[in-house]
Structure formats: structure tokens, C-alpha cells
Amino acid sequence: MKFIKTFILILFVALIALGGYAFYDYQNVLKKEAPIQTISFNQQEISFQSATVQDSILFGLYPIKQEYIYETIPTLETQNIVNELNLLPQDEVIITDPSNQIENTVGLNQINLENNGLYHIQVNRTIDQTSYIFSFNVQVDTHPIISISNQNPVQGELLIVEIDNIPLNSQIEIKNHFRPSAISQKDYKARFYLPMAYREAAKVYPLTLSINRQEYNYELDVNTYEFKEIHFTVQQTVVSSTVGNNDAVIQYRETIYPLYETFETEEYWEGNFINPVEGARMSSTFGEMRFVNNAKTPTRHAGIDYAIACGTEVLASNAGKVEYAGFLTMIGNTIVIDHGLGLKTFYEHMEDITITQGDMVEKGQLIGHVGTTGYSTGCHLHFQAMVKNQSINPEFLYTIDN
Ligand SMILES: [Zn+2]
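Residues numbered from 1 in each chain as written. Predicted model: local features only at pLDDT ≥ 70, side-chain atom pairs only at ≥ 80, totals over all residues. Heavy atoms only, no water.

Asks: I would appreciate a short explanation of the coordination of the zinc ion in the present structure.
Replies: Tetrahedral coordination by four donors puts the ideal angle at the metal at 109.5 degrees, and octahedral coordination by six puts it at 90 or 180 degrees. Listed as protein donors to the zinc ion are H301 (NE2), D305 (OD) and H382 (ND1); their distances from the metal cover 1.9 to 2.1 Å. In the primary sequence, the donor residues of the zinc ion line up as H-x3-D-x76-H. Of the two residues, D305 is situated in strand β23 (residues 304-307) and H382 in strand β31 (residues 380-387); the sequence distance between them amounts to 77 residues. Here D305 matches H382 in class, with each residue buried. (Donors = N, O, S within 2.8 Å, 3.2 Å for Na, K, Ca; no water. Helix = DSSP H or I, 4+ residues; strand = E, 2+ residues; numbered from the N terminus. Buried < 20%, exposed > 50% of the residue type's maximum accessible area, 1.4 Å probe, protein only.)

Given below as C-alpha cells:
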């Protein structure tokens, strides 16, 4: 009997002790803070707004769910379309755009906010049975970032215009006296070339870019380039078989003129262009006024002539696609390379051609040899650069850095 009494007493004390311990354990759980977690949006640190912690008392016997609510952070601002979020691979991102469209992604560290207005962003994260919610607003106010390689160019210069931070499939229109190349549009960026055609007067030309119906106005102050004058004679037999030969003129126009409107959508060229015949003498300069056989009015020379021995290697000035390779009575063996978006180089009067129309060529690749075919008075390469029907100075391409 006494034994039972003692047993009940011990059991009673044990239960009280256990109850006390459970109470103490529970108080400890309540006192806990959720472990710190952060994400960042464009380097701005963001704490979580709420966390649900799966806890327990009595050595894991009783599970307890704890909910922590924190202050919401103020609205963030961005002018970028592409924004950085540092996330864990399992993080779920729910983006509500200004028109209440919802997009779900997982673990992306780059979020693209294409529309202006207020976005709501929620990131759900789970670590060690604790789920966190980061919830914040972003006010988006994006503008195109426009750069023009030179607003103070000279006649014959090639300008590169870059437009950054624009939505995908933006509507871009270019209004200018000069005819722009095709436009390349990729990853929130657009690019095109604007040739300061050498025959046009040196003066100020307005340039208007219309991007998604918003207009941006610029002025291009084109300066004079000192074009040389040259007087020389060409044998009558050469003249009558080429520039004086109607069939040759027609063949030239029918082959070359259509090339002014075609273009590759891909940009193949990189860095500077190279002189296709290194070490040659420049026998005729760019844009030169030529008085041939004592003519009263000059013709203009749209490229550069490099005089060097016939048989000298001719190299591709930059990477591109061979758009034309063949013989034309007027200009002899000719190669036209499209370097992308319709920026083309022309190689004329060659002795032979070592590549085929349609080939892709690398910068510096052998494409043929110097000759004196077509309207030519001696071994030389006529090298020309064009965008559409507008010639530009190849020497500018030698110093360009793409
Ligand atoms: Zn020439």
C-alpha cells in the first residue's frame, strides 16, 4: 500500500516537472525570432515581410507553427528593364505587372520589368522547414538610353547608333537625310549604322529617333573632308570596253544596284576592319575628284585604290557573308561582303577569286588576288565600303572599335 502511494507521488511530481518543462520550452519557442534571411533588388537589401517557422516542444514531440510578421518596406524605384534579384535556386517569384498580369518564375536572378508603372513582387523561400515571404513594390520608370558614336563627324564617316533599355520588339523609326542600315534588335537593345555619305554637303542634319512613338531629337554636325583632285588619262580601248560600253553598264547596274537594298540580319564584324592589301601604295584616295582624259567635270571615286603587284593576296577586311563573287565587265573580278545589317565592303579588279558566293569569311581570310580586270589601268585593288547606296570612307573602318 505504501509502495503504491509512493509511486503515485513520484508520478505526480514527474508530471508537474514535465508540465513545467513543456511550459518553459513553449515560452522559449515564443521568444525566438525567425532566422534572418534577405534578398536584394539591384543591390538594395530587403528583409522578409513574414516567416512561418515550423518549431516543436518536448524534444520534438509536439510541433508548433510560428508566424512572424515584419514591417513592409517602402516602394522601390527602378529605371532599368533588366533588374537583379539575388535568389536561391528554389525561390519562387510571383510578379504582378501594372496591368495586373501575373508571372511566375523560379530561381531567376534577373527579372525584366518592361512596362512603366507599379509592379508587385513576391518571393517565396523555404529553408529548413521555415518559409519566408519577401513582398515589395517597384515603381518602374524606364527610358531608352541612346548613344551616337559621333555627333560631329566628317563627310564619309560611319556612325553607330545604339539604343539600350527598350522593351522587346520595340517600334523604332529613324528620320534623317542619310539612309540608315537595317536595325538589329536583341535583348532590350537596338543598333544601326548611319553613313555620312561623302557626296552630301557638310552641314547640320537633324536626326529624329521615334521609339515606341516617343521622339528623340539630335543634330549631326557634318564637317568637310578634304577631298583630293586628280587628273589622269585612260586608254580609249579601256574606256570603250567598260564605262563606255552600254552592255557593261547595264550588267553592272543589274548586279550591283540590288545589293544596295539587301542585308544580313546578323552582325558578323568585330573590332576594326583591316586594310585588305597591307603595304600597298594608295594610288587613288577616297572621294577623290577625278578628271579623266581632260574631262571638264570630275567623276567621284567612291573607294580607295591600293596599287600593288598583281597576284598580291587580298584579305577579307572583316568577318561577313560573301554576297557576290563573280566577273563584271565594268569592274572585273568582284567580291561583295555583307558584314551585317547591310554594311558591305567591295573588292574590285581582282586577278582571281578564291572564295564562293554564299561563303562565310573571317577577318583576314584570303579571298583572291590583286589584278587589273575591268575599268583599270594597272595592278590595283579598288576597295569600297557602303551602307545601302551610300559610300563611306574605308579608312574610318580601320580605326572603328565594335
Ligand atoms: Zn578605284
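Asks: Explanation requested: helix α1 (residues 2-31) in the structure shown.
Replies: Residues that lie three or four places apart on an α-helix share one face, since the helix turns once every 3.6 residues. With 30 residues, α1 should cover 44 Å at 1.5 Å per step; its first-to-last C-alpha distance of 44 Å lies within 8% of that length. Buried residues of α1: A22, D25 and V29, and no others. Elements in contact with the buried residues of α1: β3 (50-57) and β4 (62-69). (Expected span 1.5 Å × (residues − 1). Contact = heavy atoms within 4.5 Å.)

Asks: What should I look at first to understand the sheet that holds strand β30 (residues 366-369) in this one?
Replies: Where strands meet in a sheet, backbone hydrogen bonds hold them as pairs that are either parallel or antiparallel. Spatial strand order, β24-β30-β28: 3 strands in an open sheet with antiparallel pairing. The open sheet has two edge strands, β24 (313-315) and β28 (352-353), and neither has a second partner. Of the pairings in the sheet, the one linking β28 to β30 comprises 2 bridges and is antiparallel in character. Opposite D352, over in β30, you have H369 as the bridge partner. (Pairing = 2+ DSSP bridges.)

Asks: Quick question: what am I supposed to make of a nonpolar patch on the surface here?
Replies: Taken together, the side chains of F3, I4, F7, I8, L11, L15 and L18 make up a nonpolar region of the molecular surface, amounting to roughly 770 Å² of accessible area. Within the secondary structure layout, F7 lies in helix α1. Residue classification places F7 among the partly exposed positions, given a relative accessible area of 49%. (Patch = residues over 30% accessible without salt bridge, like charges linked within 9 Å, V, L, I, M, F, W, Y side chains within 5 Å. Areas by Shrake-Rupley, 256 points an atom, 1.4 Å probe, with all protein chains shown as cover. Salt bridge = Lys/Arg side-chain N within 4 Å of Asp/Glu carboxyl O.)

Asks: Help me out: how do you make sense of the packing of aromatic side chains in this one?
Replies: Here a ring pair, both rings aromatic, is described through the centre-centre distance and the interplanar angle of the planes. On inspection of all chains with the given rule, the structure shows 17 aromatic pairs. Measuring from ring centre to ring centre gives 6.2 Å for F48 and F134, while their planes differ by 75°; the resulting arrangement is edge-to-face. With a gap of 86 residues between them, F48 in the loop between β2 (44-47) and β3 and F134 in strand β11 (residues 130-140) connect regions that are remote in the sequence. Residue F48 is classed as buried on the basis of its relative accessible area, which comes to 4%. Among the residues examined, F134 registers a relative accessible area of 0% and is labelled buried. Feature note: the residues F48, Y70, Y132 and F134 constitute an aromatic cluster, connected by ring pairs. One residue, R300, lies across the ring of F227, its end atom 4.7 Å from the ring centre. (Phe/Tyr/Trp six-rings, centres within 6.5 Å; stacked < 30°, edge-to-face > 60°. Lys NZ or Arg CZ within 6 Å of the ring centre and 35° of its normal.)

Asks: In this structure, what is going on with the pairing of strand β25 (residues 320-328)? I would like to understand it.
Replies: Here is the key point about a regular strand: its side chains alternate between the two faces of the sheet. Where β25 lies against strand β29 (residues 360-361), 2 bridges are found, and the strand directions are antiparallel. Its bridge partner lying in β29, G320 is registered against V361. As judged from the 7 bridges shared by β25 and strand β26 (residues 332-338), these two strands associate in the antiparallel manner. Bridging from a neighbouring strand, Y324 pairs with V336 of β26. Adjacent in sequence and paired antiparallel, β25 and β26 are bridged by 3 residues.

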